[in-house]
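# Overview (structure and organization)
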Amino acid sequence: MTDRTQWDDQSTLGRGAFCFMVESTRRQTAMPLHQPPAHADIRADRLVLLRLLDFPAWPDAGTGQRERIDTLMKGHTGGGDSQSQVMLVRFSVLGCYVLDNDPSSTHPAGTPRFSGEPGHLLHADRYGVFAPTARMQDLLINGTVTPEQRIRFGLLRHDESLVYRHNGVTSCLSMLDIRGRRTAMFGKTRLGKSNVVKLLVQGMLDVTAEHRDVGQLIFDVNGEYANSNPQDGADNIGSVYADRCTLYYLSEGKAAGPNGKLLRFNFHERPEEAMNTLRELLPADLAESDYVRPLLSCRLPALGFNAEELPEMALRRLRKLMVFWTVLHHAGFEHDETRLAALLHSHGYSQPFNPGFSQPLRLSAYQAVNGCSAPALPRSFADMVAEISLMLRFSLSYPNDPTLRKQGSFLFDADEEIMARFIYPQEGAGPYVLRPAVPFHSPRVDNFITEVLATIDQGDTVIVDLGSANERIIRYFAKTLSVAVFLHQERKFVRNEMAGRYVQIYFEEAHMIFPPNAGNVIDVYSRFAKEGAKFNIGIVYSTQSPSTINHDLLAQTENFFIGHLSSQQEAAMLSTVQYAFRGLEEDLMRTRTPGFMRALTASHRYPIPVQANRYDGRTLLMG
């Protein structure tokens, strides 16, 4: 019960508002409604935290609840109509703050300590409920937040009205609660999830400006972090922090910027990974077709040279790569002859484009296929492709020719025969079926995985712009880099080389990247959930619905930023995996204001309703 006159003065108290309840030391009489109690009349060492739920209807006459209210009101209303002077308010108990003065306690003396269990409660008559002052509100929303590495996240906002702007109370976040932990963003599109992610990315860059002990990797599915968006009216993260950000683009035009790079795979220089990469980049039905599937099963050696290896074995290994390069050439993949020749020379191959076929074989093959004598030995990439192509045709047409055998063994191994039949199929399409992967190849790029890992190790941020890619391509690059980061951190952990360095990975539109609830399937994302903290890997993922995220990952998530949820099913699932949101389901479905979030981090003990600051490129770091 509250006095209507006093209630009218508390314009900030609405549904979801925080209040606190104190116990009266006077056992015989209820706490008065018309004036605050004397300090000696209350216990100031224990404040019970409440959240305002609603305003229940006045109970019917003759009920026990009505009789109890009338008894309590006799001394307050002076015989007047109690309903005109008093209103009913219903609260839920969140916990309590206890003033701990025990010198043996690990908690700082004289500061309040929060307990999620309020302990022994007396009858409601023994308590009074009070609206918190601005200083008290600061305690309620920031009192448990880790004091180091804080940023100004937004303003306390209990509901969708604008009263929060009057004497606004700043809500803080500690980036230590984000670093190395799992963080979820849920809410409908265009209601502020990406804005919150930008604040976290910016906050991490600001707090690590000196020590640079956190590297960040952002999968920018919508191009919001690598490109300025006029709709948002702010410069992108990549341009504001250009000295600490490297941007990878699928578009060659965008990659021409000062901190931009082209996101491509070099099939010529990374043959050991080429088949798996093709399998991911090609449409699933094509990759599993009877024509392409045998090709993708081939195993290719790495491009290298072992000085202790017999020259003949080194040449055979190089020849196998030449057969693969010939496949790429027939499929339309561009090559860089000068770069490839220099690379082969650096590995010790003095004749980089000579397959090394015996002269009797060359004479027989050129005579049988072209009806001419053998030309000079290949000295260019084009010469090499021509000779490899001719030899493959010869082996398919004349498999019993004795020049194709050496010491009883066939010249080409099983993988090379598969590639020969792929280039010259008896029926069907031909090598051009690999064309869907051509846009993601460049013969002039280095290993982007190695580059990304090196940038992250330096404490810088990598933004991968996937705004123009389809879901298959997004999943490929996200999975490839995620696996690389996990294995890299795991190796450092085994070698005891962590040195207090962290990696933070951001997944926009996580439903496009993470596999759905797939039972007990173990992939890199489930390993992030279960082992990421051990390897100093934190992840931030955002999507519209909790139901699209694997339950194991949800159960391991420590931080939540929740906007508008559109269905009871989604709200109920959230409260199932995170008990602190129980009772807030209706509020989460009702509110639709952009940027209005319920924040719960590792150091928060209950969700904080906050209007997040709008990202504008200016630092939010607190002193």
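So, here is what we can say about the structure in this document. (Residues numbered from 1 in each chain as written. Predicted model: local features only at pLDDT ≥ 70, side-chain atom pairs only at ≥ 80, totals over all residues. Heavy atoms only, no water.)

Before going further, it helps to examine the overall build of the protein. When you go through the protein residue by residue, the secondary structure sums to 21 helices and 21 strands. Against the globule reference of 25 Å for 623 residues, the protein gives a C-alpha radius of gyration of 34 Å, more extended than a compact globule. Overall, the protein is about 120 × 50 × 45 Å in size when its C-alpha atoms are taken along their principal axes. Taking all 623 residues of the protein together, 51% fall into the buried category. Intrachain contacts of the protein at a sequence separation of at least 6 include 73% that bridge at least 24 residues. Accessible surface for the protein amounts to roughly 28600 Å². Of this, 50% is attributable to carbon and sulfur atoms. In the protein, which carries 64 positive and 69 negative side-chain charges, the distance between the mean positions of the two groups comes to 1 Å. (Helix = DSSP H or I, 4+ residues; strand = E, 2+ residues; numbered from the N terminus. Rg over C-alpha atoms; globule rule 2.2 N^0.38 Å. Buried < 20%, exposed > 50% of the residue type's maximum accessible area, 1.4 Å probe, protein only. Contact = heavy atoms within 4.5 Å. Areas by Shrake-Rupley, 256 points an atom, 1.4 Å probe, with all protein chains shown as cover. Lys, Arg positive; Asp, Glu negative; His and termini not counted. Charge placed at Lys NZ, Arg CZ, Asp CG, Glu CD.)

With respect to the secondary-structure elements, Val-22 resides in strand 2 (residues 18–23). Here Val-22 falls in the buried class, since its relative accessible area comes to 2%. As for Val-22 and Phe-130, which are separated by 108 residues in sequence, their C-alpha atoms are 8.1 Å apart.

Pairing between side chains becomes possible if they bear opposite charge and their charged atoms approach one another. Applying the stated criterion across every chain yields a total of 31 salt bridges. For the salt bridge of Arg-339 with Glu-269, the shortest nitrogen-to-oxygen distance reads 2.5 Å. Residue Arg-339 is found in helix 12 (residues 337–346), and its partner Glu-269 is found in the loop between strand 13 (260–262) and helix 8 (274–281); the two are separated by 70 residues along the sequence. For Arg-293, the salt bridge goes to Asp-290, with nearest N and O atoms at 3.1 Å. A residue is classified by how much of its surface remains accessible, and Arg-293, at 38% relative accessible area, is partly exposed. (Salt bridge = Lys/Arg side-chain N within 4 Å of Asp/Glu carboxyl O.)

Let us now look at the nonpolar core. Counting residues in hydrophobic clusters, the biggest one holds 113 residues, and the most contacted among them are Phe-186, Leu-217, Phe-219, Trp-325, Ile-505, Phe-507 and Tyr-541. Broken down by element, the residue count for this core peaks at ten residues, all from helix 11 (residues 311–331). Excluding anything up to four places from it in sequence, Tyr-541 contacts Thr-183, Ala-184, Met-185, Phe-186, Phe-507, Ala-510, Phe-514, Ile-549, Leu-553, Leu-554 and Thr-557. Formed by 35 residues, the second largest nonpolar core is a distinct cluster that contains Ile-178, Met-185, Tyr-506 and Val-540. (Core = buried A, V, L, I, M, F, W, Y, C linked by side-chain atoms within 4.5 Å.)

Attention now goes to the packing of helix 16 (residues 448–457) against helix 17 (residues 471–494). In a packed pair of helices, the relevant descriptors are the angle between the two axes and the axis-to-axis distance. The interhelical angle for the contact between helix 16 and helix 17, taken along N-to-C directions, is 55 degrees, at an axis separation of 10 Å. Judged on the interaxial angle alone, helix 17 and helix 16 are oblique. Where helix 16 crosses over helix 17, the handedness of that crossing is right-handed. Along the contact surface, helix 16 presents Phe-448, Ile-449, Val-452, Leu-453, Ile-456 and Asp-457, while helix 17 presents Phe-477, Thr-480, Leu-481, Ala-484, Val-485, His-488, Gln-489 and Lys-492. (Axes fitted to C-alpha atoms, helices over the stretch in contact; angles between N-to-C directions. Parallel < 35°, antiparallel > 145°, perpendicular 65-115°, else oblique. Left-handed = near helix turned anticlockwise from the far one by under 90°.)

Turning our attention to the sheet that holds strand 2. Read across the sheet, five strands follow the order 6-5-3-2-7 without closing on themselves; strand pairing throughout is antiparallel. One side of each edge strand has no neighbouring strand; the edge strands of this open sheet are strand 6 (112–115) and strand 7 (127–130). Between one strand and the next, the sheet's axes are offset by a mean angle of 35 degrees, whatever the strand orientation. Taken together, the four bridges between strand 5 (residues 90–99) and strand 6 define a ladder with antiparallel strand orientation. Looking across to strand 6, one finds that Cys-96 is bridged to Ser-115. Across the face of the sheet, helix 4 (residues 134–142) comes into contact with strand 2, strand 3 (46–54), strand 5 and strand 6 while running at roughly 105 degrees to strand 2. (Pairing = 2+ DSSP bridges.)

All right, on to the sheet that holds strand 10 (residues 182–186) then. Pairing is mixed in the open sheet, where twelve strands are placed in the order 9-8-21-20-19-10-18-17-11-16-12-13. In this open sheet, the two strands that pair with only one neighbour each are strand 9 (170–174) and strand 13. Averaged over neighbouring strand pairs, the angle between their axes works out to 25 degrees when direction is ignored. Examined bridge by bridge, strand 8 (residues 150–156) and strand 9 share five bridges and lie antiparallel to one another. Paired with Gly-154 across the bridge in strand 9 is Ser-171. Running over the sheet, helix 4 touches strand 8, strand 9 and strand 21 (608–612) and is turned about 25 degrees from strand 9.

Time to look at the packing of aromatic side chains. For any pair of aromatic rings, geometry is given as the distance between the ring centres together with the angle between the planes. Enumeration over the complete set of coordinates arrives at 28 aromatic pairs. Connected via pairs of aromatic rings, a cluster forms that spans Phe-186, Phe-219, Phe-486, Phe-493, Phe-507, Phe-514, Tyr-525, Phe-528, Phe-535 and Tyr-541. Seen from the ring of Phe-596, Arg-157 lies directly overhead, with NZ or CZ sitting 5.4 Å from the centre. The aromatic ring of Tyr-225 is capped on one face by Lys-198, whose charged end is 5.9 Å from the ring centroid. (Phe/Tyr/Trp six-rings, centres within 6.5 Å; stacked < 30°, edge-to-face > 60°. Lys NZ or Arg CZ within 6 Å of the ring centre and 35° of its normal.)

Distances and angles like these do not, on their own, reveal function.
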